[in-house]
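Take a look at the letters that make up each chain.
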Amino acid sequence: MVMEEPTEDSLCGKWRSGCGLHRDKLKDIFSWRLLKTVAMGQVLSLLICGTAGSCQYLANAQVETPMLQSFLNYALLLLTYTLTLCRRKGDANILEVLRTKWWKYLVMGLADVEANYTVVKAYQFTTLTSIQLLDCFVIPVLMVLSWIVLKTRYRPLHFVAVTVCLLGVGAMVGADIIAGRDQGSASDMLLGDGLVLLSSVLYAVSNLCQEHTVKNQSRVEFLGMMGLFGTLISGLQLAALEIPAVKAIKWSLHIVLLLGVYALCMYALYSFMPVVVKLTSATAVNLSLLTADLFSLFCGLFLFNYKFSVLYIVSFVIITVGFIMFNTVQTYSASPAATAEEEEEEEEEAERASDRLLAADGGAGSVVAFTAL
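Residues numbered from 1 in each chain as written. Predicted model: local features only at pLDDT ≥ 70, side-chain atom pairs only at ≥ 80, totals over all residues. Heavy atoms only, no water.

## Digging into the overall build of the protein
Here is step 1: Of regular secondary structure, the protein possesses 16 helices and two strands.
Here is step 2: Of all 373 residues assigned to the protein, the portion counted as buried reaches 47%.
Here is step 3: A separation of at least 24 residues holds for 85% of the contacts in the protein among residues at least 6 apart in sequence.
Here is step 4: In the structure as shown, the protein presents an accessible area of about 18800 Å², 66% of it carried by carbon and sulfur atoms. (Helix = DSSP H or I, 4+ residues; strand = E, 2+ residues; numbered from the N terminus. Buried < 20%, exposed > 50% of the residue type's maximum accessible area, 1.4 Å probe, protein only. Contact = heavy atoms within 4.5 Å. Areas by Shrake-Rupley, 256 points an atom, 1.4 Å probe, with all protein chains shown as cover.)

## Thoughts on the packing of aromatic side chains
Here is step 1: Throughout the structure, instances matching the rule amount to four aromatic pairs.
Here is step 2: A ring pair is formed by Tyr74 and Tyr270, whose centres lie 6.0 Å apart and whose planes are at 85°; its orientation type is edge-to-face. Taken as a pair, Tyr74 in helix α4 (residues 66-87) and Tyr270 in helix α12 (residues 253-279) lie far apart in primary sequence, 196 residues in all.
Here is step 3: Taking the relative accessible area as the measure of exposure, Tyr74 reaches 0% and is therefore buried.
Here is step 4: Judged by its relative accessible area of 11%, Tyr270 falls in the buried class. (Phe/Tyr/Trp six-rings, centres within 6.5 Å; stacked < 30°, edge-to-face > 60°.)

## A look at empty space enclosed by the protein
Here is step 1: Per the counting criterion, the structure on display carries one cavity of 30 Å³ or more.
Here is step 2: If you add up the space inside the largest cavity, you get close to 30 Å³.
Here is step 3: Asn207, Gln210, Met273, Val277, Ala282, Val285, Asn286 and Leu289 together form the lining of the largest cavity.
Here is step 4: Only α9 (189-216), α12 and α13 (282-288) provide two or more residues apiece to the lining of the largest cavity.
Here is step 5: In terms of residue count, the dominant contributor to the lining of the largest cavity is α13 (three residues). (1 Å grid on protein atoms, 1.4 Å probe; cavity = no way out; pocket = protein on both sides within 12 Å on 5 of 7 lines; lining within 4 Å. Points joined across faces, edges and corners; volume = space filled by probe spheres on them.)

Shown next, in the form of C-alpha cells:
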C-alpha cells in the first residue's frame, strides 16, 4: 500500500527542505543574539557615518588636521577610562597593568594612531575607489592574525560570507564610478595605495589587540590603555606635524561644534566597539563596518548632493546578507594549552553546530540536502 505523500513532501515543501528553510531552522539562524549583533554593528556604522560627515564639513572649511581630531578622541578616553583605571586596586590598577604589559599597549596604541593617520594621508595621493577596495584588506589580514595568535578557527561558511561581503563592496565601488564619485587625488597612486594597505595591516593589529584584551582582560583596561598611549603618541605627532595647520584654522563656533561632533562620535565608537567585539569577534565587526560607507553616501544624498544609484541599495543588502551568514555559525578558539583530543572535540562541536544550521531536517524519512560545510 502506497502512503500519500504528506504536505511537507510537496513541491513547495521539498524546496523548503532542500534550502533548509524550516521554521525551526529559521529560529536557529535568526536568533535574538544574531539580531542584536546585526543591530549593534549598524550602530557602529552610523557612528562612523557621523565622523565622516563632520570630516567632510571640516574639509569644506579648510580644516585638515587629522591628528588634532584623533588627539581629541584619545584625550576623552584618557579622561574617562584611564582615570577609572587609576582608581582601581590590585592587579587591575593602572600601575600594575603598566608594569606587566606596558609594551603591548604601546604597540597597540601606536598601531591605532598610525592606522588612522595613514588612511587619511592616502586621500592626498590616491582615489576614493582605490581606498574603498584596498581598505577591505584589513579583513583577510585580521583573519590570518586571529588564526595564528588567537587560535581562531573558521568554518568554510565564514569564508563564503566574507566573499559575499566583498562582492557587496564591489557593487558599492561600481555605484561610485557610475555616479562620478571617484574623489581624491591621483598624484601618486602607488604611494597612496601603499598607505591604504599599511593602514589595513595596522588596523588589523589594533583590532586583534582589542579582541584579545576585551575577551581576556576587560573593556575598561583596553580603553584606558588606548586613551593613555593614544593621547601621548597623537600629542607628540600633533606637535611635530600639525602646529602650523592648527594655527591656520579660522576658529569659530561652527568649527568648534564640528570638532566636538567628530570627537564625540569617535569616542562613542571606541567605547561601544569593544562591546560588539566581545559578543562576536573583531572580524565580524569589520564586516559590519563595510556598510559605514553606504550610510555616509545616503547622508551625502541630502547634505552634499550626491547622485543616487540603485547599486547602493544592492550593495547594502549583499553586505548585510554576508554579515548574517558569517554570524550564523560561531567561530571557536583552539586554546594553546589544549590537548589534541580537546581541540578535535571543539572542532567536532563546531561542525555539529554548522550541521544544525545548514542541513535540512525533514523528519525520519527526509533526505539531507546540504552536507556540513
